[in-house]
Amino acid sequence: MIDTRSLQRLQRVARPRTPSALSNALVFGWRAVLKFKHVPEQIFDLVMTPIMFTLLFTFVFGGALAGSPGEYLQFFLPGILVQTVVFNAVYSGMGLSTDLGKGLFDRFRSLPIWSLSPFAGLMVGDILRHLIAASIILTIGLILGYRPEAGLLGVLAAFAMLIAIGFGMGWVFIVLGLLIRTPTTVMTLGFTFLFPLVFASNIMVDPGTMPDWLRAFVEVNPVSLMTTALRGLMGGGATLSQVVLALIAPVALTAILAPTTLWLYLRR
């Protein structure tokens with residue numbers, strides 16, 4: 001026999017509030033963080049490439065390009081931070097493609113959650129990767145002799161810009177992850193797109209030494225604009241126009257590709 005008092009108490013229980021978009025995003029962000037715990041080799045893959053770039057370019061090419069490895073490091077280190085963040089953004093698309101192949105996002109779509117929260121979680125994982133890699137590279141740079149003339153505030157401002165850059169670039173590869181079936185193909189296409197932007201830029205060399213036709217491209221290359229602003233922030237000579245120019249591409253990519261991502265996701 002059912003206890004009527006217990007039944008009345010059950011009927012008076014208020015329905016839980018629907019989780020907010022922020023709450024949904026944080027839950028999926030925590031899922032992205034847990035991947036580092038369960039797949040620790042991601043950290044190795046994340047940091048080894050930029051470390052090798054930093055050491056090889058500084059000691060192999062530094063003397064030829066700037067007279068000494070120490071002088072070259074002052075020029076090169078902000079650029080390698082930009083390169084690392086841009087390259088790491090590819091992993092968003094690869095992770096998304098993997099989850100889609102497993103049918104995981106079909107389950108997410110059936111849940112009463114904010115539609116973009118799974119992608120927000122990917123972005124949280126991206127930001128964590130960017131911060132880990134950038135911190136390791138900066139630490140190595142400090143050990144080798146790099147000195148940010150703008151001090152701690154300049155470094156913090158540079159890291160904030162790196163997060164903005166990674167956030168904007170991440171949408172490109174999330175769209176690729178939605179369109180392409182295999183993670184390997186996402187990586188191949190991603191690096192095919194990024195290599196001309198990264199290596200035809202002012203990350204490694206002064207554009208003044210380049211042919212006129214190439215220098216014209218390098219000077220308007222978004223990666224060059226980002227690198228120039230980061231050098232200014234860490235070196236203490238950044239101007240407002242440099243910062244604004246560096247942020248145009250990340251803001252435009254986010255404004256265009258975030259709605260595109262949602263449309264492609266709901267259309268699948």
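Our subject is the structure listed above.
Fair warning: this is a prediction, and the values are worked out from it, not measured in the lab.

Student: I would appreciate a short explanation of the nonpolar core in the present structure.
Tutor: Nonpolar side chains in soluble globular proteins tend to end up buried together. Counting residues in each nonpolar core, the largest one holds 61 residues, and the members touching the most others are Leu77, Phe119 and Met234. For this core, the leading source of residues is helix α8 (residues 151–179), giving 14 residues. In contact with Phe119, other than residues within four places in its own chain, are Leu96, Phe105, Trp171, Ile174, Leu178, Thr261 and Tyr265. If you look at the next biggest cluster of nonpolar residues, it comprises five residues, including Leu46, Val47, Ala133 and Ile140.

Student: Please clarify how a nonpolar patch on the surface should be interpreted in this entry.
Tutor: On the surface, a nonpolar cluster with roughly 470 Å² of combined accessible area is contributed by Met52, Leu56, Val60, Phe61 and Leu65. Here Val60 shows up in helix α3 (residues 41–66).

Student: Mind showing me how you'd approach the layout of surface pockets here?
Tutor: Using a probe with the size of a water molecule, rolled over the atoms, empty space left in the structure can be pinpointed. The computed volume of the second largest pocket comes to approximately 230 Å³. Along the wall of the second largest pocket there are 14 residues; nearest its centre are Thr49, Pro50, Phe87, Tyr91 and Phe191. Taken together, the elements giving at least two residues each to the lining of the second largest pocket come down to α3, α4 (69–88) and α9 (183–199). The element contributing the most residues to the lining of the second largest pocket is α3, with five residues. Taken together, the residues that form the lining of the second largest pocket break down as nine nonpolar, four polar and one charged.

So, how was this worked out
- Residues numbered from 1 in each chain as written.
- Predicted model: local features only at pLDDT ≥ 70, side-chain atom pairs only at ≥ 80, totals over all residues.
- Heavy atoms only, no water.
- Core = buried A, V, L, I, M, F, W, Y, C linked by side-chain atoms within 4.5 Å.
- Buried < 20%, exposed > 50% of the residue type's maximum accessible area, 1.4 Å probe, protein only.
- Helix = DSSP H or I, 4+ residues; strand = E, 2+ residues; numbered from the N terminus.
- Contact = heavy atoms within 4.5 Å.
- Patch = residues over 30% accessible without salt bridge, like charges linked within 9 Å, V, L, I, M, F, W, Y side chains within 5 Å.
- Areas by Shrake-Rupley, 256 points an atom, 1.4 Å probe, with all protein chains shown as cover.
- Salt bridge = Lys/Arg side-chain N within 4 Å of Asp/Glu carboxyl O.
- 1 Å grid on protein atoms, 1.4 Å probe; cavity = no way out; pocket = protein on both sides within 12 Å on 5 of 7 lines; lining within 4 Å.
- Points joined across faces, edges and corners; volume = space filled by probe spheres on them.
- Nonpolar A, V, L, I, M, F, W, Y, C, P; charged D, E, K, R; others polar.

That's the geometry; what it means functionally is another story.
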